[in-house]
Amino acid sequence: MGITDGQAGEPYSRLNEHNRACREYQVVIDEPTYAAGRNQGLKEYCRWDNAFRTGLAGQRYQHVCPPELDATFNHYNSSAYAVYHLEQELRQVDSRITDTELRLRAGNLRDEYRRQLRMDLYDLDRHYDDLRAELRESRRYLDSLRSEAGLPPWP
């Protein structure tokens, strides 16, 4: 359990959850063994490439890496998470654009409502374009961070 939790970047407090779950079955977790396994797993987790991978997967860093790695790992993860967040927001805006376009195609709309939908669509299109530009810049910045970390750029 400790190794798995370390590899997943789980905080040490996860042990309390395991203890509660195991108590029901009268199983006691050996804390030193758990801690040793978690530390072993953290060696795999606290790699620079993992900071990017987890951030892009929507996982926020829990400040579990050693102090000498913590700030940089957090920066890399947060920057990757920002790209993830922008991608999610872009999908949502795209969905709202599609929905608005479908409503505009309805045949029996009042002129005022149709005008409002067109204005909404215009605003959504502008927001979409702004998000795409921000995403391009964020990806560019992420590539520069990967280079700083000695990693190749994204394909």
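Everything numeric here is computed off the predicted structure, so don't read it as measured data. (Residues numbered from 1 in each chain as written. Predicted model: local features only at pLDDT ≥ 70, side-chain atom pairs only at ≥ 80, totals over all residues. Heavy atoms only, no water.)

J.: Looking at this structure, how should I read the packing of aromatic side chains?
T.: A ring pair, where both rings are aromatic, is described by two values, the distance of the centres and the angle of the planes. Applying the stated rule across the entire model yields six aromatic pairs. Centroid distance Tyr45 to Phe73: 5.2 Å. Interplanar angle 40 degrees. Geometry classified as tilted. Separated by 28 residues along the polypeptide, Tyr45 in helix 3 (residues 31-45) and Phe73 in helix 5 (residues 67-105) bring together distant segments of the chain. In this structure Tyr45 comes out as buried when scored by relative accessible area, which is 4%. The interplanar angle of 80 degrees and the centroid separation of 5.4 Å between the aromatic rings of Trp48 and Tyr76 together place this pair among those described as edge-to-face. (Phe/Tyr/Trp six-rings, centres within 6.5 Å; stacked < 30°, edge-to-face > 60°. Helix = DSSP H or I, 4+ residues; strand = E, 2+ residues; numbered from the N terminus. Buried < 20%, exposed > 50% of the residue type's maximum accessible area, 1.4 Å probe, protein only.)

J.: When you look at the pattern of salt bridges in this model, what are you seeing that I'm missing?
T.: Side chains that differ in charge, positive against negative, can pair when their charged atoms come close. Taken as a whole and judged by the stated rule, the model has six salt bridges. Note that Asp5 is salt-bridged to Arg14, the shortest N-O span being 3.9 Å. The exposure class assigned to Arg14 is partly exposed, which follows from its relative accessible area of 25%. A salt bridge links Arg139 to Glu87; its shortest N-O distance comes to 2.7 Å. Here Glu87 lies in helix 5 and Arg139 lies in helix 6 (residues 111-148), a separation of 52 residues in the sequence. (Salt bridge = Lys/Arg side-chain N within 4 Å of Asp/Glu carboxyl O.)

J.: Is there a simple way to explain the nonpolar core in this structure?
T.: Within the largest apolar cluster, 27 residues are counted, with the highest numbers of intra-cluster contacts made by Tyr45, Phe52, Tyr61, Cys65, Phe73 and Tyr76. Those elements that place two or more of their residues in this core are helix 3, helix 4 (48-56), helix 5 and helix 6. When residues in this core are grouped by element, the largest group, nine residues, is from helix 5. Once residues within four sequence positions are removed from consideration, Tyr45 is found in contact with Gly6, Gln7, Ala8, Gly9, Asn50, Thr54, Tyr61, Val64, Cys65 and Phe73. (Core = buried A, V, L, I, M, F, W, Y, C linked by side-chain atoms within 4.5 Å. Contact = heavy atoms within 4.5 Å.)

J.: Sorry, what's going on with the environment of Val28 here?
T.: Mapped onto the secondary structure, Val28 falls in the loop between helix 2 (14-23) and helix 3. Residues Val28 and His18, spaced 10 residues apart in sequence, show a C-alpha to C-alpha distance of 9.3 Å.

J.: Would you mind going over the side chain of Glu87 with me for this structure?
T.: Given the relative accessible area of 19%, Glu87 is considered buried. Other than its neighbours up to four places away in sequence, Glu87 contacts Leu135 and Arg139.

J.: Before we go on, may I ask you to explain the state of the cysteines in this structure?
T.: A covalent bond bridging the sulfur atoms of two cysteines is what the word disulfide describes. In this structure the tally under the stated criterion is one disulfide. Paired by a disulfide, Cys46 and Cys65 hold their sulfur atoms 2.1 Å apart. In this structure, the disulfide formed by Cys46 and Cys65 twists by about -100 degrees around the S-S bond and is classed as left-handed. Taken together, the residues span a long stretch of sequence, with Cys46 in the loop between helix 3 and helix 4 and Cys65 in the loop between helix 4 and helix 5 at a distance of 19 residues. As far as the burial class goes, Cys46 and Cys65 line up, both buried. (Disulfide = S-S within 2.5 Å.)

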